[in-house]
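Here is what each chain is made of, one letter per residue.
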Amino acid sequence: MNYSEYLYNLHRYGIKFGLENTYLLMKILDNPHNAFSSIHIAGTNGKGSTAAILSSILKASGYRVGLYTSPHLVNFTERIKVNGVPISESSVEKLTGYLKSQISSLKSDITPTYFEFTTALAFRYFADEDVDIAVIECGMGGRLDSTNVITPSVCIITNIDYDHQFFLGYSIKEIAFEKAGIIKEGIPVITSVSHQDAIDVLTDACINKRSRLYLYGKDFYSSIERADINGIYFNYKGIKPYRNLYLPLLGEYQATNASLAIAAAEILIEQGYSISEDEIKRGLSETVWEGRLHIIGRDPTVILDGAHNPSAARLLKDVLVKTFLSGGKRLIIILGIMNDKDIEGIISTLAPDADMVIVTRPGSDHNCSNYMGYAYERSADPYDLMRAVKRYNQKVVVSETVSSALSVALKSAEVDDIICVTGSLYTVGEVLEFKNAMRKVLSG
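Cut-offs used in this document
- Residues numbered from 1 in each chain as written.
- Predicted model: local features only at pLDDT ≥ 70, side-chain atom pairs only at ≥ 80, totals over all residues.
- Heavy atoms only, no water.
- Pairing = 2+ DSSP bridges.
- Helix = DSSP H or I, 4+ residues; strand = E, 2+ residues; numbered from the N terminus.
- Contact = heavy atoms within 4.5 Å.
- Axes fitted to C-alpha atoms, helices over the stretch in contact; angles between N-to-C directions.
- Disulfide = S-S within 2.5 Å.
- Buried < 20%, exposed > 50% of the residue type's maximum accessible area, 1.4 Å probe, protein only.
- Salt bridge = Lys/Arg side-chain N within 4 Å of Asp/Glu carboxyl O.
- Expected span 1.5 Å × (residues − 1).

Q: Looking at this structure, I do not really get the sheet that holds strand β8 (residues 213-215). What am I missing?
A: Within a sheet, neighbouring strands are paired by backbone hydrogen bonds and run either parallel or antiparallel to one another. Read across the sheet, 8 strands follow the order β4-β3-β2-β5-β1-β6-β7-β8 without closing on themselves; strand pairing throughout is mixed. One side of each edge strand has no neighbouring strand; the edge strands of this open sheet are β4 (85-86) and β8. Across the sheet, helix α3 (residues 47-60) is in contact with β1 (37-42), β2 (65-68), β5 (133-137) and β6 (154-157); its angle to β5 comes to roughly 170°. Its contacts with the sheet place helix α8 (residues 196-209) against β6, β7 (189-191) and β8, and it is angled at close to 155° to β8.

If you want it as structure tokens, here you go:
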């Protein structure tokens, strides 16, 4: 059994909240989480973008930087990077084999979940690679997330909204309580939460932990100069002002995520890190984050965005309307959503403005790495999606695979039209996989 098969089989243990397994895995691996400094990031949306921006700033500043994010788009190795370079397949194979053997040698019946195992693997790799600092994204929640064994230099909590309610709670206060679980004694906390209930929860947590809370819009903020299809141009004011900043990510909301990263860099400077204004600017301008308002084609424009909850869908809609849908351009949406998401909330936000909606199911294409795997098991039936879309838009068709949905969209679109693939990072990942495969065929 190769590592891909082994890791996939760990999905059968589902999602288990708690840190007991992770602490045991850390002990097995000689506590690698204590071998490097870290930044811990929780939140509903924007965690990955903030992590990518901050890691790029730190890399531009000359540090050896680990980055742990999830999920991946095409290949598992995307989850674990050092200075922007994914872990090699051979390193994953070696570390997986070692950790498997160590678990097997234990007398206890430890059965780690997929995320527990991969978190342990990432931390061991960062320790082996002697990173100076690692930027760690929570998988879900925070308090009982397996990444929460680290004691970071800075905690970041992005926006808090409704997602994963079955696990995290059905109110903003409950969800915020879980996110606030990453706050450690005396460790600075940076946040962009705007809901007053979430602010209250984080404020109380910081008081209890004697941690300084930095709130976006109060202690630091940004102002947009302009935004276009090349990215955003903005100014920042925190401990000091930074002007004429450029970030090659689409969407004005990314200025908030970038501000979280800059604020974290400012706190690190106060802690003794060497990070100059030029390095912050260069790190921002060199940020790469695929699958989030990611343009992969022109004439027609093809945009990938992994919006998987209503708040992310609203942000996506805002960018589409402001940046792309002018001059009579048509919008074709390809939609594949996981069954445990707020399907109605996503569809009611995106479907009404579309000239055509193509619903599909990731994991259905036998040429794709997701074929009949975890994505397929979790994804909503496209005929159920079609019925939901019809409550808002009658122009909907079913396409059995993501690649066939893209083909239908490309055949239906005029050169000035917009095709947006969204609803899940699994759906987005399959389009990227299909695109990469076609590039190899054409170049070969």
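Continuing now.
Q: Help me understand the state of the cysteines in this model?
A: All told, the structure shown has 0 disulfides when counted by the stated rule. The structure places no disulfide on Cys155, whose sulfur is separated from the nearest cysteine sulfur, that of Cys206, by 8.3 Å. For Cys155, a relative accessible area of 0% translates into the label buried.

Q: Sorry if this is basic, but what is going on with the pattern of salt bridges here?
A: For side chains bearing opposite charge, pairing can occur when the charged atoms are close. Enumeration according to the criterion identifies 17 salt bridges in this entry. Among the salt bridges present, the one from Arg314 reaches Asp161, with a minimum N-O distance of 3.5 Å. Here the residue Arg314 occupies a position in helix α11 (residues 310-324), and Asp161 occupies one in the loop between β6 and α6 (165-168), the gap between them amounting to 153 residues. The exposure class assigned to Arg314 is partly exposed, which follows from its relative accessible area of 44%. Note on Asp161: relative accessible area 18%, which makes it buried. Arg378 serves as the salt-bridge partner of Asp340, at 3.0 Å between the closest nitrogen and oxygen. Of this pair, Asp340 sits in the loop between β14 (331-335) and α12 (343-350) while Arg378 sits in helix α13 (residues 374-378); the two residues are 38 residues apart in sequence, bridging distant segments of the chain. According to the relative accessible area criterion, Arg378 is buried, its value standing at 19%.

Q: When you look at the sheet that holds strand β9 (residues 221-228) in this model, what are you seeing that I'm missing?
A: The 3 strands are arranged β9-β10-β11 in an open sheet whose pairing can be described as antiparallel. The open sheet has two edge strands, β9 and β11 (241-247), and neither has a second partner. The average angle at which neighbouring strand axes cross in this sheet is 15°, direction not considered. Judged from the 5 bridges that link them, strand β10 (residues 231-237) and β11 form a sheet pairing that is antiparallel. Paired with Phe234 across the two strands is Leu245, which belongs to β11.

Q: Please clarify how α11 should be interpreted in this entry.
A: Residue pairs three or four apart in sequence face the same way in an α-helix, which turns once every 3.6 residues. With 15 residues, α11 extends 20 Å between its outermost C-alpha atoms, agreeing within 8% with the 21 Å of an ideal straight helix rising 1.5 Å per residue. Looking only at α11, the buried set comprises Pro310, Ser311, Ala312, Ala313, Leu316, Val319, Leu320 and Phe324. Packed against the buried residues of α11 are β12 (294-297), β13 (301-304), β14, α12 and β17 (418-422).

Q: Would you take a moment to explain the pairing of β13 for this structure?
A: Both faces of the sheet carry side chains from a regular strand, because those side chains alternate between them. Judged by which residues are buried, β13 turns out to be covered on both faces: Thr301 and Ile303 on one side and Val302 and Leu304 on the other are all buried. Here β12 runs beside β13; their pairing, made up of 3 bridges, is antiparallel. Note that in β13 the partner of His294 across the bridge is Leu304. Between β12 and β13, which pair antiparallel and follow one another directly, the connecting turn spans 3 residues, one of which, Asp299, has a positive phi of 55°. Note that β13 and β17 share 4 bridges and pair parallel. Bridged to Leu304 within β17 is Val421.

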